[in-house]
Amino acid sequence: SKYSNHEVVCVIDDDPAKLGTYIHGVRVVGDRTKIPQMAKEYDVKEIDFAIPSMKPSERKKILDYCQETYCHVKLIPGIYQMVNDEVSVSRLKNVEIEDLLGRDPIRNDNSKVIGYVQDQVVMVTGGGGSIGSELCRQIANYQPKKLIILDNYENNAYDLQMELLHHHPELELIVLIVSVQNRRRINNIIKEYRPQVIFHAAAHKHVPLMENSPCDAIRNNTFGTYNVAKAASKYGVKRMVLISTDKAVRPTNIMGASKRICEMVIQYFNEISDTEYMAVRFGNVLGSNGSVVPLFRKQIKAGGPVTVTHPDIIRYFMTIPEAVNLVLEAGSYGHGGEIFILDMGEPVKILDLAENMIRLSGYVPYEDIKIEFTGLRPGEKLYEELLISEKNKIATTNNRIFIAQLPPKDPDIFKALLMELYDVSYSEHTKHIRQAVKQLVPEYTYVEKE
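Remember, predicted model here, so these are calculated numbers, not experimental data.

Participant: Mind showing me how you'd approach the sheet that holds strand S1 (residues 11-12) here?
Facilitator: What links the strands of a sheet is backbone hydrogen bonding, and the strands pair in either a parallel or an antiparallel sense. Taken in spatial order, the 3 strands line up as S1-S3-S2 in an open sheet, and their pairing is mixed. This sheet does not close on itself; its edge strands, each paired only once, are S1 and strand S2 (22-23). Inspection of the sheet shows S1 paired to strand S3 (residues 26-30) by 2 bridges, in the parallel sense. By the bridge assignment, Ile12 is partnered in S3 with Gly30.

As structure tokens, then:
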């Protein structure tokens, strides 16, 4: 590019026939295995990765060589982005952590989703959040009859509304600002708009914050779900899909326990209603609000330190579009009462992720950018579990989606314990909230606070 002040010093290519040849006067010096050596020999500051169409698994192998150099790594955009414009350095994009997952993006079966979303009135609660907004984007592509978005945070909802109206001017879109804790309002909305499908994504999800506000977590997550599920049953909603989490398995925090009770609420209503209720459980999504990737990126930009809670902590990761793809497809398999589990692939060690992000930003971990271990936060596990046992899962036609065999509780006993939890969560004396939760979720473990 004539606008670039970069000096290109050498070219890497895996084709042996190109070795020693020149491109615009710049020599091809070797294949990918030579990247660390040549970076040192030519005092390289930045590596521009110029094969945007390469498969993610192969891309990761080359990026692994790049990581050994401590050079800043950038990806050149795809050819279609450059057709009408000369490539300039400003068009290069930083390597994203998705590039390091080393696997192809997960695709769903669109025909299955069309079958229950197209020409239907669809409602998404928590529609302004990370998962909820992507649900709305993807649902809009399937030509619903009407899309109703509920959220209690107006800024996110407004931004999403403007985005959807720009990309889908034909879409009949209704955006309402409301908390799922507002039982009467939720009831009236579902009564008025009569959605046929509800995706329930509204939830408080930040583990440490919810440990300090356990009653609010229960009121919003558990009883918000109860309010939506009850209104869905009352007004003949055909299908309700709850967005759940791997933190619901053997929970060690109030957020995970509240979501496990949400799953029980779904199963309870499935037993007593004609509506088909189901839940979809998955792990961490890359780039979502509060996830480690945006935090690390911000910390690296500020010069560090990058904070990791524990050197051995691991997490499952998936991109937001991948997770939502699978949620939509899982919803097509349900007949009522299922808890679907998404296969998140291989777990990622958070320390490795932090070190890789530092290297690919052109810095040396522990030298240029420090890494500090801050200790596990209240309610945090070293690893998350998507299943209690390999024995209790049933396969579906998609090898990324399984059904967990978790039998529903006795409806009468469950309802009685749930109402007891309701009373405790709304009382002024809230120190017994964890005991009340444990009655419903015996596998829940916690440290009693003073």
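Participant: Help me understand the environment of Thr245, please; the structure alone is not making it clear to me.
Facilitator: Of note, Thr245 is situated in strand S11 (residues 239-245). The spacing of Thr245 and Lys205 is 40 residues in sequence and 9.3 Å in space, taken between C-alpha atoms. Reaching out from Thr245, the side chain makes a polar contact with the side chain of Asp246 at a distance of 3.3 Å.

Participant: Would you take a moment to explain the nonpolar core for this structure?
Facilitator: Nonpolar side chains in soluble globular proteins generally cluster together in the buried interior. Counting residues in each nonpolar core, the largest one holds 57 residues, and the members touching the most others are Ile190, Ile261, Leu418, Leu421 and Val437. Looking at which element gives the most residues to this core, the answer is helix H10 (residues 254-272), with 10 residues. If we skip the residues at most four places from it in the chain, Ile190 touches Met123, Pro195, Ile198, Val228, Ala231, Ala232, Tyr235 and Val237. In this structure, Tyr116, Ile131, Phe282 and Val324 belong to the second largest nonpolar core, which totals 40 residues.

Participant: How should I be thinking about the pattern of salt bridges in this particular structure?
Facilitator: Side chains that differ in sign of charge can pair as their charged atoms come close. Within the structure shown, the criterion is met by 20 salt bridges. Here Asp64 makes a salt bridge to Lys60, at a shortest N to O gap of 3.3 Å. Taken together, the residues Asp64 and Lys60, both in helix H2 (residues 56-67) and 4 residues apart, mark about one turn of the helix. When its relative accessible area of 31% is taken as the criterion, Asp64 is described as partly exposed. Of the residues examined, Lys60 reaches a relative accessible area of 27% and is grouped as partly exposed.

Participant: Mind showing me how you'd approach the sheet that holds strand S20 (residues 393-395) here?
Facilitator: Read across the sheet, 9 strands follow the order S9-S8-S7-S10-S11-S12-S17-S21-S20 without closing on themselves; strand pairing throughout is mixed. For this open sheet the edge positions go to strand S9 (173-177) and S20, each flanked by a neighbour on one side alone. When strand polarity is set aside, the average angle formed by the axes of neighbouring strands in this sheet is 25°. When strand S10 (residues 197-200) meets S11, the two strands line up parallel, connected through 4 bridges. Within S11, the residue paired with His200 across the bridge is Leu242.

The rules we used
Residues numbered from 1 in each chain as written. Predicted model: local features only at pLDDT ≥ 70, side-chain atom pairs only at ≥ 80, totals over all residues. Heavy atoms only, no water. Pairing = 2+ DSSP bridges. Helix = DSSP H or I, 4+ residues; strand = E, 2+ residues; numbered from the N terminus. Polar contact = N/O pair within 3.5 Å; in protein donor to acceptor, adjacent residues only side chain to side chain. Core = buried A, V, L, I, M, F, W, Y, C linked by side-chain atoms within 4.5 Å. Buried < 20%, exposed > 50% of the residue type's maximum accessible area, 1.4 Å probe, protein only. Contact = heavy atoms within 4.5 Å. Salt bridge = Lys/Arg side-chain N within 4 Å of Asp/Glu carboxyl O. Axes fitted to C-alpha atoms, helices over the stretch in contact; angles between N-to-C directions.

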